[in-house]
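# Working through the structure, step by step
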Protein chains: 2
Amino acid sequence: MDTTQRTDQERSADRRRRELLEAADRVVLRDGPGASMNAIAAEAGITKPILYRHFGDKGGLYAALGQRHTDALLDSLRAALDAPAERRERVEATLDTYLAAIEARPQVYRFLMHPAEGAHPGDQPGEQPADQGFDVGKHSAPLLRRMGEELGKVIEERLDLGPDSQRLARVWGHGIVGMMHAAGDWWLGERPCTRQELVRSLADLLWGRLAAAGDKVGSPGF
Amino acid sequence: MDTTQRTDQERSADRRRRELLEAADRVVLRDGPGASMNAIAAEAGITKPILYRHFGDKGGLYAALGQRHTDALLDSLRAALDAPAERRERVEATLDTYLAAIEARPQVYRFLMHPAEGAHPGDQPGEQPADQGFDVGKHSAPLLRRMGEELGKVIEERLDLGPDSQRLARVWGHGIVGMMHAAGDWWLGERPCTRQELVRSLADLLWGRLAAAGDKVGSPGF
DNA sequence: CTAAGATGTTACCTGCGGTAACTAGGAGTC
DNA sequence: GACTCCTAGTTACCGCAGGTAACATCTTAG
């Protein structure tokens, strides 16, 4: 049967692919993002062209690598978001899960947050410089986008937001993820407080303490 | 007097520097981030080594270039934040100012948000692979950091947040900036609604509507 | 007139992403 | 067994980027 054959070959290819991904993982963990294809190939004990045969180009490898971690992180987040508890507790648990993840493996986290780098793959020197302004967008890392989308869906599923609920939920999804990301990034760099404190502060922000706070006594400008 | 001399030279150097920066600006506006040093030099009518004499390396040029725009944007934001109006109005005005800016010049915005790229400038092949885990942090764009810090200061100056006010203010500063950035980036890519709608949705989020919303009828999981 | 010092050049090095062309080693068919 | 095909693997190269060394030139001070 050639099904057996093909299955064997497929399995072999998949195994190689996974081995290569694990090697790449090790290199990224060691060298951070920007790890070179040469380095990855060397770590895997082979040479560059094989990587290119398996993943097309660097973007392909990085996408495959990123998806593994992204999937794993998203699973953790979903678990925290689905825990049977009060909303505030779930929010705090989710924030804490994310922060614990980036704290545990900062290199991986840095790697995931990197955009795709070069944006002119098929850039031919045509004489028309007309592309000035569009073609932008989606500069952010895919992880952020995916987290934002997923959170938006969860919010829309579970909360009653009246009319415009869909728009509101999506905006909030991306907004909250961005808040979490930026605060986490800053926190990771400066370590100004404990994780617990950071989580509570962010949850307080989401809980409307900004709106509820009173003006300071000598507050300028009205 | 050699003061006059030096002043003349300094002025000349500064003028060149500004000219070069403006040329670089044009190139970045046209080619987006990742504009090459060759391209910038060509646009300025000179060759690479001059750029390197003026700015040291690519990071230096990009830093100088970034600071101009960052300063300009921060000025606009401060103005919106200082307007004589209710807090909610000021918050909305600030969000709108930021979004209008990134909407008006997406290429510049993309450029500003890019980190410093390469992280191994003086990488010597020492046999000690011991740097596994630290040295991370500050992966984010300087613009985000600066905005976060500034907003944190403003919040701490003006709001009465009880004890922990300093930590709370800084966390919120970075968190709100991140929210604004992520939502703006997503919005710029997909244009799912008007700017007004986005601004109101984000302000609603900051105003605690997330906490105030009721559960949906068939809400799963408790 | 000469010497210094900035301004600018050409020509080069390194390292990266990416590819073309070639070489084993099995499986399948006659 | 010889012939082919396919896959994993190699070496050697291209183009382009960032970055630098060494040389040329103009201006200005002494």
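Presented here is a report on the structure given in the accompanying data block. These figures come from a predicted structure and were not determined experimentally. Residue numbers restart at each chain and count upward from 1, following the sequence in its written direction. Working convention: letters from A go to chains and numbers from 1 go to ligands, in the order in which they are written. Note on the predicted model: pLDDT of at least 70 is required for a residue's local features to be given, and 80 or more for side-chain atom pairs to be given and counted; whole-chain, interface and lining totals, by contrast, use all residues. The side-chain figures draw on all heavy atoms in the structure; neither hydrogens nor water molecules are used.

### Some thoughts on the overall build of chain A
Strands are runs of DSSP state E lasting at least two residues, helices are runs of H or I lasting at least four, and both sets are numbered from the N terminus onward. When helices and strands are tallied, chain A shows ten helices and two strands. Ordered by position in the sequence, the α and β elements of chain A form the string α-α-α-α-α-α-α-β-α-α-α-β. Under the scheme applied here, a residue whose accessible area is under 20% of the maximum for its type counts as buried, over 50% as exposed, and between as partly exposed, the area being computed with a 1.4 Å probe on protein chains only. Buried positions account for 44% of the 222 residues belonging to chain A. Every residue pair with non-hydrogen atoms within 4.5 Å of one another is taken to be in contact. When contacts within chain A are restricted to residue pairs at least 6 apart in sequence, those whose partners lie at least 24 apart make up 64%. To measure how exposed things are, a 1.4 Å probe is used in the Shrake-Rupley method; for residues, cover is taken only from the protein chains shown. As displayed, chain A offers around 11,700 Å² of accessible surface, 50% of which is attributable to carbon and sulfur atoms.

### Comments concerning the protein's contact with DNA strand D
One heavy atom suffices: a residue is near a molecule or strand as soon as one of its heavy atoms comes within 4 Å of it. Neighbouring DNA strand D are 13 residues; A:Thr47, A:Arg53, B:Lys48, B:Tyr52 and B:Lys58 lie closest to it. Restricting the count to atoms of DNA strand D within 4 Å of the protein gives a sugar and phosphate share of 49%. Within the backbone of B:Met37, an N or O atom sits 2.9 Å from a phosphate oxygen of DNA strand D. At a separation of 2.6 Å, a base oxygen of DNA strand D approaches a polar side-chain atom of B:Lys48. Put simply, Ala, Val, Leu, Ile, Met, Phe, Trp, Tyr, Cys and Pro go in the nonpolar bin, Asp, Glu, Lys and Arg in the charged bin, and everything else, Gly too, in the polar bin. For the surface near DNA strand D, the per-class residue count stands at six nonpolar, three polar and four charged. Under this definition, polar contacts are N or O atom pairs within 3.5 Å; protein pairs additionally need one hydrogen-donor-capable and one acceptor-capable atom, and for neighbouring residues in sequence, both atoms have to be side-chain atoms.

### Side note on the nonpolar core
If you look at the biggest cluster of nonpolar residues, it comprises 116 residues, and the most contacted ones within it are A:Leu61, A:Tyr98, A:Met147, B:Leu61, B:Tyr98 and B:Met147. In this view, A:Tyr98 contacts A:Leu73, A:Leu77, A:Tyr109, A:Met113, A:Met147, A:Met180 and A:His181; residues no more than four positions away in its chain are not counted. Grouping buried Ala, Val, Leu, Ile, Met, Phe, Trp, Tyr and Cys residues that are joined through side-chain atoms within 4.5 Å yields what is termed a nonpolar core.

### Brief notes about the side chain of B:Ser201
With respect to the secondary-structure elements, B:Ser201 resides in helix 9 (residues 195-206). Contacts of B:Ser201, omitting those with residues within four sequence positions, involve A:Arg167, A:Leu168, A:Val171 and A:Trp172.

### Describing the environment of A:Leu65
Residue and element names in this part refer to chain A. Tracing the chain through its elements places Leu-65 in helix 4 (residues 58-82). On the basis of relative accessible area, Leu-65 is assigned to the buried category, the value being 0%. For the pair Leu-65 and Phe-111, spaced 46 residues apart in sequence, the C-alpha to C-alpha distance is 9.6 Å. When sequence neighbours within four positions are dropped, the list of residues in contact with Leu-65 reads Leu-21, Ala-24, Asp-25, Val-28 and Phe-111.

### Remarks on unusual backbone geometry
We note that A:Asp164 has phi near 60°; this positive angle belongs to a residue other than glycine. If you check the backbone angles, B:Arg191 has positive phi at about 50° while not being a glycine. One can find B:Arg191 in the loop between helix 8 (165-190) and helix 9. With a relative accessible area of 42%, B:Arg191 lands in the partly exposed category.

### What about the pattern of salt bridges?
Residues and elements named next belong to chain A. Take a side-chain nitrogen of Lys or Arg and a carboxyl oxygen of Asp or Glu: if they are within 4 Å of each other, that pair is a salt bridge. Per the stated rule, a full pass over the model turns up 44 salt bridges over all chains. For the salt bridge of Asp-25 with Arg-68, the shortest nitrogen-to-oxygen distance reads 3.7 Å. Taken together, the residues Asp-25 in helix 1 (residues 2-31) and Arg-68 in helix 4 connect sequence positions 43 residues apart. When its relative accessible area of 13% is taken as the criterion, Asp-25 is described as buried. Given the relative accessible area of 32%, Arg-68 is considered partly exposed. Residue Glu-92 is joined to Arg-88 by a salt bridge in which the shortest nitrogen-to-oxygen separation is 2.8 Å. Highlighted residues: Glu-92 and Arg-88, both in helix 5 (residues 87-104), separated by four residues, approximately one helical turn. The exposure class of Glu-92 is buried, given its relative accessible area of 15%.

### Some details on the packing of helix 8 (residues 165-190) of chain A against helix 9 (residues 195-206) of chain A
Residue and element names in this part refer to chain A. Axis definition: a line fit to C-alpha positions, over the contact stretch in the case of helices; interaxial angles, taken between N-to-C directions, run 0 to 180 degrees. Two numbers describe how helix 8 lies on helix 9: the axes approach to 11 Å, and their chain directions differ by 150°. Relative to helix 9, the element helix 8 is oriented roughly antiparallel. Classified by chirality, the crossing of helix 9 by helix 8 is right-handed. Here Ile-176, Met-179, Ala-183 and Trp-187 of helix 8 come into contact with helix 9, specifically with Arg-195, Leu-198, Leu-202, Leu-205 and Leu-206. In terms of residue class, the contact of helix 8 with helix 9 is made up of eight nonpolar, no polar and one charged. Here is the rule for angles: anything less than 35 degrees is roughly parallel, anything more than 145 is roughly antiparallel, 65 through 115 is roughly perpendicular, and the remaining ranges are oblique. By definition, turning the near helix anticlockwise from the far helix through less than a right angle yields a left-handed crossing, and turning it clockwise yields a right-handed one.

### A look at the packing of helix 5 (residues 87-104) of chain B against helix 6 (residues 106-113) of chain B
All names here are of chain B. Close contact between helix 5 and helix 6 brings their axes to 5 Å; oriented N to C, the two are set at 105°. By the angle between their axes, helix 5 is roughly perpendicular relative to helix 6. Only Pro-106, Tyr-109 and Met-113 of helix 6 make contact with helix 5, whose side of the interface consists of Tyr-98, Ile-102, Glu-103 and Ala-104. Considering only residue class, the contact of helix 5 with helix 6 consists of six nonpolar, no polar and one charged.

### Some points on the environment of A:Leu210
Within the secondary structure layout, A:Leu210 lies in helix 10 (residues 209-212). Leaving out residues up to four positions away in the same chain, A:Leu210 has contacts with A:Leu205, B:Arg87, B:Leu159, B:Trp172, B:Ile176, B:Leu206 and B:Trp207.

### Section: the packing of aromatic side chains
Residues and elements named next belong to chain A. Put simply, two rings from Phe, Tyr or Trp (the six-membered ring, in Trp's case) pair if the centres are within 6.5 Å, and we call them stacked under 30 degrees between planes, edge-to-face over 60, tilted for the rest. Within the structure shown, the criterion is met by two aromatic pairs over all chains. Taking 4.9 Å as the distance between ring centres and 65° as the angle between the ring planes, the aromatic pair formed by Tyr-62 and Phe-111 counts as edge-to-face. Separated by 49 residues along the polypeptide, Tyr-62 in helix 4 and Phe-111 in helix 6 (residues 106-113) bring together distant segments of the chain. Grouping residues by exposure puts Tyr-62 and Phe-111 together as buried. We call a charge positioned over a ring when the NZ of a Lys or the CZ of an Arg lies within 6 Å of the ring centre and within 35 degrees of the ring normal. Sitting above the plane of the Trp-207 ring, Arg-88 keeps its charged end 5.5 Å from the centroid.

### Things to note about helix 4 (residues 58-82) of chain B
Over its 25 residues, helix 4 of chain B runs 36 Å from end to end, which matches the ideal 36 Å to within 8%, given 1.5 Å per residue. Among the residues making up helix 4 of chain B, those that are buried are B:Leu61, B:Tyr62, B:Ala64, B:Leu65, B:Gly66, B:His69, B:Thr70, B:Leu73, B:Leu74, B:Leu77, B:Ala80 and B:Leu81. In a helix, the anticipated span is given by 1.5 Å times the number of residues less one.

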